[in-house]
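Chain and residue survey
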Amino acid sequence: MIRIGISACVLGNPVRFDGGHKRSDFVSNELSRHFNFLPICPEQAIGMGIPRPTIRLVGDPDSPSVVGSKDSSINVTEQLSLYSKTTVSNLPDIAGYLLCAKSPTCGMERVPVYGENGLSKGKLGVGVFARILMTAHPNLPIEEDGRLNDPLLRENFVMRVIAYHQWLTLSAAQITAQTLQQFHRQHKFLLLAHEPKTYRDLGPVVAAVTADNINETSEHYIRQFMAGLKKPASRKNHTNVLMHIQGFFKKHLVSKERQELADLIEQYRKGYAPLMAPLTLINHFLQRYPDSYLQEQSYLSPYPHDLKLRYGL
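What this report covers is the structure whose coordinates are included nearby.

Rules used in this analysis
- Here the residue numbering is sequential within each chain, running from 1 through the sequence in written order.
- Whole-chain, interface and lining totals are the exception, using all residues; otherwise, since this is a predicted model, local features are given only for residues with pLDDT of at least 70 and side-chain atom pairs are given and counted only at 80 or more.
- Hydrogen atoms and water are omitted, and side-chain values are computed over all heavy atoms in the structure.
- Under the DSSP-based scheme used, a helix requires at least four consecutive residues in state H or I and a strand at least two consecutive residues in state E, with every element numbered from the N terminus.
- Two strands pair if DSSP finds at least two bridges between them.
- Axes here mean lines fitted to C-alpha atoms, for a helix over just the part in contact, with angles spanning 0 to 180 degrees between N-to-C directions.
- The distinction between a cavity and a pocket rests on a 1 Å grid over the protein atoms alone: a 1.4 Å probe fits inside a cavity but cannot get out, while a pocket stays open yet meets protein on both sides within 12 Å along at least five of seven lines, and a residue with an atom within 4 Å of a point counts as lining.
- Grid points are joined across faces, edges and corners, and a volume is the space filled by probe spheres set on the points.
- Throughout this entry, Asp, Glu, Lys and Arg are counted as charged residues, while Ala, Val, Leu, Ile, Met, Phe, Trp, Tyr, Cys and Pro are counted as nonpolar. The remaining residues, Gly among them, count as polar.

Section: unusual backbone geometry
- Residue isoleucine 50 is joined to proline 51 through a cis peptide bond whose omega torsion reads -5°.
- At arginine 110, a residue that is not glycine, the phi angle is positive and equals roughly 55°.
- Relative to the helices and strands, arginine 110 resides in the loop between β5 (97–99) and β6 (111–114).
- Although it is not a glycine, lysine 308 adopts a positive phi angle of roughly 55°.
- Here lysine 308 is to be found in the segment after α13 (292–295).

Considerations on the sheet that holds strand β2 (residues 35–40)
- Ordered by their spatial adjacency, four strands build an open sheet running β2-β1-β5-β8, and the pairing between neighbours is parallel. Single-partner strands in this sheet number two, and they are β2 and β8 (142–144). The average angle at which neighbouring strand axes cross in this sheet is 25°, direction not considered.
- Sheet topology note: the strand β1 (residues 2–7)/β5 ladder contains two bridges and is parallel. Directly across from glycine 5, in β5, lies its bridge partner tyrosine 97.

Brief notes about the environment of glutamine 287
- By the secondary structure assignment, glutamine 287 is in helix α12 (residues 276–288).
- Residues glutamine 287 and leucine 82 lie 205 residues apart in sequence; the distance between their C-alpha atoms is 54 Å.

Some details on the layout of surface pockets
- In this structure, the largest pocket spans a volume of roughly 450 Å³.
- In terms of lining residues, the largest pocket is bounded by 27 residues, among which Arg16, Glu43, Lys102, Ser103 and Pro104 are the most central.
- Looking at the lining of the largest pocket, the elements that each hand over two or more residues are α2 (42–45), β3 (55–58) and β6.
- The residue inventory of the lining of the largest pocket, partitioned by class, reads 16 nonpolar, five polar and six charged.

Below is the structure:
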């Protein structure tokens, strides 16, 4: 099963400063069917206890101190930094990470920062653990719990986790020029939907891979690949991919079937139909008229169907 790291409170563990949690129903009820979780709470891990005094970021937003909100004599900057660096460098093979929003340790963006005078500098910070995690693992899909309420961001995160897990599996078996080319071929339409430029840029990279440059090429490839997938797919790009796929059936479909598919794609483009409408028909046609290239495309089935992630797109 795919493993992802997670802020322990998001999983429902009562580890917050007040003994509470920030349990995510989507995580507990949906993702738990397909993912194993590695729960981590940096504040608890350094021995702050439960309950504990609240802490906040103070000083330079790029390199803040972590001190007590009410008692400035509490300073856990060094302990949190050391724990974070040690933990992040020894993580098992995880395919993603879910962080707790706004936390001075785990928030990945818009964390409040205060001046030495106690006045707010604004939501300019990044949690200590989150910053070290993102720096050490730039390719890792990382998201915050609150942002998963956005259907587009939720779908994008899960899609990236699945794709990255596939890459980790490939890496564990030792990547070759052939397996890299196969991976790229399987994800072409997914890349095209998310970032056409990355799709175009990586084509020549994969074509030029050899046994001699495979290590350098694979590192460059996955960096660009994951950066490209991080951009949520637009309606325009989805439409472009759907029209590409439509072309694979032109020799098989009768006029009425071709028109039906074209109409559904156009309805999706205009926002009158969900993405699942043309995709369902495409998968139906693919069963009737199998095509080996289309059948291996991750775009058509990027994650378990029971998560229903494309229903709102």
